[in-house]
Amino acid sequence: MNSKPEKIYKGIAASKGISIGKPFVYRAEVPSYKVDVSPAAILSSDAEISDYESAVNQSVKELNKIFSLAKEKLDEKNLQIFEAQLSFLYDNFFHSKVKDRIRSENKQAFAVFKEEIQILENAIVASNDEYIRDRVNDIEDMKNRVLRNLLKGRLVSKITENSIVIARNLSPADTILFSNRNLLGIATDLGGINSHVALISRSLRIPAVVAMQEISVNIASDDFLIIDGYKGLVIKNPSEDTIISYREQIEKNNELERKLEEIEKLPTETKDGKQVRLSTNLEFNNEVDYVVTHFGCDVGLYRTEHLFMEQGDFPSEEDQYKQYKFLAEHIYPKTVTIRTFDIGGDKILPESQKELNPFLGWRGIRICLDKKETFLAQLRAILKASTGGNLKIMLPMISGIEEVKKTYQYLEEAKSQLRSSNIRFDEKIQVGVMIEIPSAVILADELAKMVDFFSIGTNDLVQYSLAVDRDSSLVCDMYEKFHPAVLRLIDMTVKSAARNNIPVSVCGEMASDPYASLLLIGMGVTELSVVSTQYLQIKRLIRLVNYEKSREVAAKVLTMSTINDVKTYIEDCFNKNIGEQLEAVN
Ligand code: PEP
Ligand code: MG
């Protein structure tokens, strides 16, 4: 029996589901991380030294990669920062000293490294030379990188399987890394409903609650938790009654899931017989079998940057080819839309070079166009895997015509390279663009003439049209997909696609929302690509709704000018017809 009092913390529900279990409190901010110096926390000297060597090697690898990226963006002076950091990492004298001390003093690598760096920093700060004194920041950056790598390996192996991770914030890379430990749930102080961490949790079917403000401080490792990803709650030390009622709810949800399987083989059409193209977003290979056997649908969005995040580096052309081929063959005869790397400046730049507004910075297609060889390698890998004729290429973050023109030049170059090596590929491979920046909506008619399809990325379209950071917990109330301006931008895109006879899908999270999915169909979107966990739910709703009615609802909504009017009206209309069912989906 639990003797501690029950306490409920509220945040934003980011990924549905309920879990009950022990927490793992993750502190990623390495510099403030308190080192556990108890004898039990110290591995054997050999293991400590081997961890230290791996962390240094990993840091060298990361810095080399960043250095080669930075060469294209930074001037000589700024490049020296990386050279200095690298030369330090190659300093065997320093490393020997650390390793000798680990052995002779039987201390953790983490602690010895920190102390030795401190000695070095003190010497630098004491220097009379201003230039040398400024180098402290570079050392700080490098120190954090090594510590992070040292800690990361340690932390991941320390996460007990089946625990609920509690953290101030998680990077997408952390989330992917941790998911290998069968996480039961995630709760973070920061983050928004459409931050990439939230998206990844949803596709991994891990219940998640974000924007909890101080959950990382309020939970201790000896607490017991329930995470409610429907209501956005973390319940600390729940009473027996609470646990029983949540167990009942879990059973009810399982029952609902089982019922949903009954509609797997039925067509995706509305009550009045309108066929709707429903595809799924796919994130991980272990979802492929499920998608094939249970949905048998196209993959409307495959985010390739996950390959980058998993290994902290651009994957080789060969590795990419294998991955794209794997998808093409397994999903065949259905199609897979492969989105080229949509990596953000915040994910590849070091601390010292971080952009103030990474979402407005070096991201997506901008990086690909600047890094020609990397982009060519990705295009060749997709082309080589396209011989079955079921792959499509999709470009993220398109803001104007020039980016598409330049991409086509690269694509032609990649194709002629393959032709001259007698390598076959799909000569008619389709190319589409994501519509997720307002300038692309304004230029939609021109863009439509250049490409085979549009896919609306509502996650970014909302943030860029409303100037609301999708990652920020402070303005998450303003991040609103039902904002009339957002709906009108979608409407402009849909009409432009229709005028130019190309299909338009929505692959952002909006397509996976019950009310929004019905509204989008009424607006004339030709395809919805939804999160795999929502696929059957959305299919069920489509089968319950009347297409002509949705058209009327959408037409009326597009005349409205406030969020409140839109929400009240669609809730009212759809609830009248399929209220109970909507309830079960939400
Ligand atoms: C979007 O912006 O809606 C989208 C699908 O892309 P991402 O979430 O990966 O930015
Ligand atoms: Mg996007």
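Residues numbered from 1 in each chain as written. Chains lettered and ligands numbered in written order. Predicted model: local features only at pLDDT ≥ 70, side-chain atom pairs only at ≥ 80, totals over all residues. Heavy atoms only, no water.

**Student:** Quick rundown of the nonpolar core? Include the residues and the values.
**Tutor:** Tyr302, Phe454, Ile490, Leu519, Leu528 and Ile570 are the most contacted members of the largest nonpolar core, which totals 103 residues. Examining the composition of this core, we find that 7 residues originate from one element, helix H22 (residues 514-523), more than from any other. Residues Val56, Ile66, Leu89 and Phe113 belong to the second largest nonpolar core, which totals 29 residues. (Core = buried A, V, L, I, M, F, W, Y, C linked by side-chain atoms within 4.5 Å. Buried < 20%, exposed > 50% of the residue type's maximum accessible area, 1.4 Å probe, protein only. Helix = DSSP H or I, 4+ residues; strand = E, 2+ residues; numbered from the N terminus.)

**Student:** Talk me through the coordination of the magnesium ion (ligand 2); I want residue IDs and the actual numbers.
**Tutor:** Around the magnesium ion (ligand 2), the protein contributes the donor atoms Glu436 (OE) and Asp460 (OD), which lie 2.0 to 2.2 Å from the metal centre. Placement of the pair is Glu436 in the loop between strand S14 (430-435) and helix H18 (438-442) and Asp460 in helix H20 (residues 458-466), with a sequence separation of 24 residues. Under the relative-accessibility criterion, Glu436 is labelled buried at 2%. Classification of Asp460 as buried rests on a relative accessible area of 2%. (Donors = N, O, S within 2.8 Å, 3.2 Å for Na, K, Ca; no water.)

**Student:** So what about the pattern of salt bridges? Which residues, and what values?
**Tutor:** When the charged atoms of two side chains lie near each other, side chains of opposite charge can form a pair. The final tally for this structure, using the stated rule, is 31 salt bridges. Here Arg101 and Glu105 are joined by a salt bridge, their closest N and O atoms 2.8 Å apart. On the criterion of helical spacing, the pair formed by Arg101 and Glu105 is a turn pair, its members being 4 residues apart in helix H3 (residues 92-105). For Arg101, a relative accessible area of 15% gives the class buried. Residue classification places Glu105 among the partly exposed positions, given a relative accessible area of 37%. Taken together, the salt bridges that share partners define one network made up of Lys97, Arg101, Glu105, Lys107, Glu115 and Glu116. (Salt bridge = Lys/Arg side-chain N within 4 Å of Asp/Glu carboxyl O.)

**Student:** Could you give an account of the packing of helix H21 (residues 484-499) against H22, with specific residues and numbers?
**Tutor:** For the pair H21 and H22, interaxial distance at closest approach is 10 Å and the crossing angle is 40°. Between H21 and H22, the crossing angle belongs to the class labelled oblique. Handedness of the H21/H22 crossing: right-handed. Within the contact between the two elements, H21 uses Leu487, Ile490, Asp491 and Val494 and H22 uses Leu519, Leu520 and Met523. Class assignment for the residues of the contact of H21 with H22 results in 6 nonpolar, no polar and 1 charged. (Axes fitted to C-alpha atoms, helices over the stretch in contact; angles between N-to-C directions. Parallel < 35°, antiparallel > 145°, perpendicular 65-115°, else oblique. Left-handed = near helix turned anticlockwise from the far one by under 90°. Contact = heavy atoms within 4.5 Å. Nonpolar A, V, L, I, M, F, W, Y, C, P; charged D, E, K, R; others polar.)

**Student:** Give a detailed account of the site of ligand 1, specifying residues and quantitative values.
**Tutor:** By nearness alone, 16 residues border ligand 1, and Arg303, Arg339, Gly457, Asn459 and Arg470 come closest of all. Gly457 has a polar backbone atom sitting 3.4 Å from an oxygen atom of ligand 1. Compared with its free state, where it exposes 280 Å², ligand 1 has 100% of that area covered by protein. Elements represented by at least two residues in the shell around ligand 1 include exactly helix H8 (196-203), strand S11 (299-303) and H20. The greatest single-element share of the shell around ligand 1, amounting to 3 residues, is contributed by H20. Across the shell around ligand 1, the residue classes tally to 4 nonpolar, 5 polar and 7 charged. (Near = heavy atom within 4 Å. Polar contact = N/O pair within 3.5 Å; in protein donor to acceptor, adjacent residues only side chain to side chain. Areas by Shrake-Rupley, 256 points an atom, 1.4 Å probe, with all protein chains shown as cover.)

**Student:** Lay out H21 with the relevant residues and their values.
**Tutor:** In a regular helix each residue adds 1.5 Å, so 16 residues correspond to 22 Å; H21 covers 22 Å between its end C-alpha atoms and thus fits that length. Buried residues of H21: Pro484, Val486, Leu487, Leu489, Ile490, Asp491, Thr493, Val494, Ser496 and Ala497, and no others. In the segment just after H21, Asn501 is the residue with positive phi, at about 60°. (Expected span 1.5 Å × (residues − 1).)

**Student:** Can you break down the pairing of strand S3 (residues 18-21) residue by residue, with the values?
**Tutor:** The side-chain alternation of S3 yields two buried faces, one formed by Ile18 and Ile20 and the other by Ser19 and Gly21. Relative to strand S8 (residues 225-228), S3 runs antiparallel, the two being bridged by 4 bridges. Bridging across to S8, Ile18 finds its partner in Asp228. (Pairing = 2+ DSSP bridges.)

**Student:** Tell me what's going on with the side chain of Glu509, and back it up with residues and numbers.
**Tutor:** By the secondary structure assignment, Glu509 is in the loop between strand S16 (504-506) and H22. Beyond its immediate stretch of four places on either side in the chain, Glu509 contacts Asn194, Leu199, Arg202, Thr458, Asn459 and Val531.

**Student:** Can you lay out the packing of aromatic side chains for me, pointing to particular residues and giving the numbers?
**Tutor:** For the structure on display, the rule yields 8 aromatic pairs. Joined through ring pairs, the aromatic side chains of Tyr52, Phe88, Phe94 and Phe113 make up one cluster. Cation over ring: Arg205 sits above Tyr290, and NZ or CZ is 5.0 Å from the ring centre. Between the NZ or CZ atom of Lys392 and the centre of the ring of Phe453, over which it lies, the distance is 5.4 Å. (Phe/Tyr/Trp six-rings, centres within 6.5 Å; stacked < 30°, edge-to-face > 60°. Lys NZ or Arg CZ within 6 Å of the ring centre and 35° of its normal.)

**Student:** Report on H8, specifying residues and quantitative values.
**Tutor:** Most of H8 is tucked away, with 8 of its 8 residues classed as buried. Residues of H8 that are buried: His196, Val197, Ala198, Leu199, Ile200, Ser201, Arg202 and Ser203. Backbone geometry just downstream of H8 places Arg205 in the positive-phi region, at approximately 55°.

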